[in-house]
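Listed below are the residues making up each chain.
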Amino acid sequence: MRFFFPLLFPAFLLPALLHAQGQVVKGTVRDDASQATLPGATILLVGSDPPVGTTTDMDGRFRLENVPLGRQELQVSFIGYQPTVVPNVLVTAGKEVVLDIALVASVESLKEVVITGERGKDRPANELAKVSARTFSLEEVTRYSGGRNDVARLATNFAGVSAANDARNDIVVRGNSPTGLLWRIEGLPIGTTNHFGTLGTTGGPVSALNTNLLRTSDFLSGAFPAEYGNANAAVFDVKFRNGNADKHEFTAQLAAFSGAELLAEGPISKKNQSSYLVSYRYGIAGAAATGTSATPYFQDIGFKINSGKTKLGRFELFGMGGRSNIDFLGAEIDSTDLFADPTVDTYFTSDIGLLGLSHFLQLDDRSYLRTMVGTTFLGTTFRQDNIIGGASDQDAVRYLATDARDQEQRYTVSTQYNRKITPRLSLRAGLLNEVYDLDIDWQDRDRRAGIPDANGDSIPDTFIQVRDVQGTINLLQAHAQAEYKFTDMLSVTAGLQGQYLDLNDDVLLAPRAALAWQVAPRQRLSLAYGLHGQLVPLPILLYTDPYTGANNQDLPFQKAHHVVLAYDHRFEGDWRVKAEVYHQWLFDVAIEDTTSSYSAINEGADFIFTERAGLVGTGTGRNYGLELTVEKFLSKGYYALVTASIFDSRYTGSDGVERNTGFANRYVLNTLFGKEWSIGKAKRNALTFDTKFTTSGGRPYSPIDLDATRANLGREVYVDDEAYSQRYEAYLRLDVKFGIRINGKGGRVSHQFFVDLQNITDRENIFVERYNPVTDQVSPVYQNGFFPDFMYRVQF
């Protein structure tokens, strides 16, 4: 019942349903290619009577006063540029709206073009991404039902994306392992952005990335431009927004899943438009513990400091940090727990950090140089005490079974030069170097069949050194890419991405190319190709067999050819239909050098990786499918989104047999709908309703050999020649969300509240088949049942 007390909040807020004053909408208009500001651009508030508008000043900035509260729309135009419309600008009383608008130069005419009403929501912020790319914003992350204020969970609404399970936010893109995902924060690569993350994984139970820091960012799911390296599946290119450079503003937020939060922003110097933005968040103990009765604790911070315009250019200092821990105590755990075993006590801690300094220098009105230095950190500790005699037995014997420490510190330097040579031709090139400083020490004697027990006390006599790595490896990347516009309707991009790993002197040269053709004013065809390569996950690459000394350090980059054909049709009334067909050929995948079904292609949807050494990079795989998106962008008070994916994901191990991968769900269907009703004296407040239905095919899995598992002291042994031959039942989930937005009296405070009822049918979707040492049987473990989330946010 503790989840439902927030339902009373709206009753206390109803007195605020009064007429509120207007709000400020401001921002900057830039050239999309050169990033130069555009003085004299025209901004109009659509539907205003009498017309309300302004023009940008000499620095490309604009400001509109007293914009009515609610959802608004802006038209932006400038001579020699293609005009654009900025839809769904949510104006609230408690916070000024700050926009960064990019216009694309027209190559066919220098006269002002009449605005057609086309929206750019279906176009990414990175203009070189022609297929399989989409923007996302803070407002979208909190809009959709079931999202838990998590960017990764938002992406599962997009075509071709599915969640590996409810308990973690690992995402499967087009049948690829979650390890194929690249996270970039302000251009700085980081292994994971999650609390309770582990080395080599990209997901986790709770995101440490505070969505209130975000500005419009990109998600790319295939054939991405040359500037993105060390990724085979997808890219999250996340940007932090700047703080308000004219006014101090504050946000307080409370949510069941993401915790309690405070955020502050404001000007440092109004003269040069410098600003600060900082947030702190603390997880509510127990509320985020989906899938386990253990209590997680987590907290995180995030910030960005923008120097504004200086003689040396613009400097931005940004960062985030998080700390989390959870204890699984055997006496408090039952046999259905997703993560724990009632015969052991385990203690887990995780630290994550990111710090970067970027410098943007506008060289002239056609070119810029962006340079960044930064560091990221991921550190985890894991301790396991085994219990002989039962966790609830006071006379039980406990002994240390596992003692593990993983620390990865990355030091990154990057620079990128961009030049708009002509309105038709632009060039982008850059370098990125990452130094991985590793300290890994993992000792284990938990159910290891090869460890003696000389005195027969059931306590293994020695530890096995599972991993022991101290040192550095260096990954160097370079890229160059050009775009040529034959007309406003036809453009082509071509580029080359290179990677070098000093650990084994592996080199990759990866060509990329794309063609985009606007065949009609509302129809677009795109074709893209890319060769992509990625490091083998570090827990595999750096593993050495403690018995034989065999290792995996000679494994090459795992590679994939991507080909994508896309068709996009925009209809009247903000409707859109998009279809993409794709094929991916994966090669140089890590497999065993002896006959087996193993492939690293199936790793990455859990906290740990398989211990196998002597692997060779000769495995293959293929993913192919069809994706369909039918979308009604939010207008006239409602939105709708239907995404469907039909796909197959196959791999071949050293036994030469082609099989399902562990992520071959075959199909995914998402159906989302939302409605807003304006309420209050001036119709500037709103009641909201959102719902989401998701279904997907069951995941393939390998059956457990029960007799062999028992003989292996309870460590699971799978039937090798039946790998991924069986399939779990289909996944089904229905979420429903109710909310209210209120602009307070006097126009200075805004409130938002919602209750998100997730899996309202309480369906038991299977999580995994697992050997249970208590019952000595293989039994299913189920995913989260009904879970109510809520959020209350106040801005002032």
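These numbers come from a predicted model, not from an experiment. (Residues numbered from 1 in each chain as written. Predicted model: local features only at pLDDT ≥ 70, side-chain atom pairs only at ≥ 80, totals over all residues. Heavy atoms only, no water.)

## A look at the overall build of the protein
Stage number 1. If you tally the helices and strands in the protein, you get five helices and 44 strands.
Stage number 2. Relative to the 2.2 N^0.38 estimate, which gives 28 Å for 796 residues, the radius of gyration of the protein is 27 Å and therefore close to what a compact globule would have.
Stage number 3. Expressed along its principal axes, the backbone C-alpha trace of the protein runs to roughly 90 × 60 × 45 Å.
Stage number 4. Accessible surface, the protein as shown: approximately 30,800 Å² in total, 58% of it carbon and sulfur.
Stage number 5. Within the protein, one finds 77 positive and 92 negative side-chain charges whose respective centroids are separated by 11 Å. (Helix = DSSP H or I, 4+ residues; strand = E, 2+ residues; numbered from the N terminus. Rg over C-alpha atoms; globule rule 2.2 N^0.38 Å. Areas by Shrake-Rupley, 256 points an atom, 1.4 Å probe, with all protein chains shown as cover. Lys, Arg positive; Asp, Glu negative; His and termini not counted. Charge placed at Lys NZ, Arg CZ, Asp CG, Glu CD.)

## Overview of the confidence of the model for the protein
Stage number 1. Looking at the protein, the pLDDT average stands at 91 and 93% of residues meet or exceed 70.
Stage number 2. Below pLDDT 50 for its whole length, residues 1-20 participates in 38 contacts with residues either more than four positions away or in separate chains.
Stage number 3. A low-confidence stretch, residues 110-119 stays under pLDDT 50, and its non-local contacts, those more than four residues away or across chains, total 27 contacts. (pLDDT = per-residue confidence, 0-100. Contact = heavy atoms within 4.5 Å.)

## Considerations on the environment of G330
Stage number 1. Residue position: G330 is located in the loop between strand 22 (314-328) and strand 23 (344-364).
Stage number 2. In this structure the C-alpha to C-alpha distance between G330 and T346, which are 16 residues apart in sequence, comes to 8.2 Å.

## What to know about the sheet that holds strand 4 (residues 61-67)
What links the strands of a sheet is backbone hydrogen bonding, and the strands pair in either a parallel or an antiparallel sense.
Stage number 1. Reading across from one edge, 4-1-8-6 is the order of the four strands in this open sheet, with mixed pairing throughout. Only two strands of the sheet have a single partner each, and these edge strands are strand 4 and strand 6 (81-82).
Stage number 2. Taken together, the two bridges between strand 6 and strand 8 (residues 97-105) define a ladder with antiparallel strand orientation. The partner of Q82 across the bridge, within strand 8, is V104. (Pairing = 2+ DSSP bridges.)

## Concerning the sheet that holds strand 13 (residues 188-190)
Stage number 1. One open sheet accounts for five strands, arranged 9-16-17-12-13; its pairing is mixed. Edge positions in the open sheet fall to strand 9 (133-136) and strand 13, since each of these has one partner strand only. When the angles between neighbouring strand axes are averaged without regard to direction, this sheet yields 20°.
Stage number 2. Of the pairings in the sheet, the one linking strand 9 to strand 16 (residues 214-220) comprises four bridges and is antiparallel in character. Residue pairing for strand 16: T135 is matched across the bridge by D218. (Axes fitted to C-alpha atoms, helices over the stretch in contact; angles between N-to-C directions.)

## Brief notes about the pattern of salt bridges
Stage number 1. Tallied over the full model, the rule gives 55 salt bridges.
Stage number 2. In this structure, K26 and E96 form a salt bridge, with 3.0 Å as the shortest nitrogen-oxygen distance. Of the two residues, K26 sits in strand 1 (residues 23-31) while E96 sits in the loop between strand 7 (84-91) and strand 8, which places them 70 residues apart along the sequence. For the pair K26 and E96, one class covers both residues: buried.
Stage number 3. When the shortest N-O distance is used, the salt bridge between D588 and K559 registers 2.6 Å. Here the residue D588 occupies a position in strand 32 (residues 575-592), and K559 occupies one in strand 31 (residues 558-571), the gap between them amounting to 29 residues.
Stage number 4. The exposure class of K559 is buried, given its relative accessible area of 8%.
Stage number 5. Through salt bridges with shared partners, a single ionic network connects E127, R184, E227, D237, K239 and R428. (Salt bridge = Lys/Arg side-chain N within 4 Å of Asp/Glu carboxyl O. Buried < 20%, exposed > 50% of the residue type's maximum accessible area, 1.4 Å probe, protein only.)

## Focus on the pairing of strand 30 (residues 523-534)
Stage number 1. For strand 29 (residues 506-520) and strand 30, the ladder comprises seven bridges, and the chain directions are antiparallel. Each bridged residue has a counterpart across the sheet, and for L515 the counterpart in strand 30 is L527.
Stage number 2. Hairpin connection between strand 29 and strand 30: a loop of two residues separates the two successive antiparallel strands.
Stage number 3. Of the pairings in the sheet, the one linking strand 30 to strand 31 comprises twelve bridges and is antiparallel in character. From the neighbouring strand, R524 faces strand 31, where its bridge partner is D568.

## A closer look at the pairing of strand 31
Stage number 1. Inspection of the sheet shows strand 31 paired to strand 32 by 13 bridges, in the antiparallel sense. Following the sheet pairing, F571 is matched in strand 32 by W575.

## Some remarks on unusual backbone geometry
Stage number 1. Here the amide bond leading from D49 into P50 is cis, since omega sits at 5°, within 30 degrees of zero.
Stage number 2. Of note, P50 is situated in the loop between strand 2 (42-45) and strand 3 (52-55).
Stage number 3. Of note, R148 is a non-glycine position whose phi angle comes to about 55°, a positive value.
Stage number 4. On the accessibility criterion, R148 (4% relative accessible area) is buried.
Stage number 5. Phi angles above zero are rare outside glycine, and D762 is one such case at about 55°.
Stage number 6. The residue D762 is located in the loop between strand 41 (750-758) and strand 42 (766-772) in this model.

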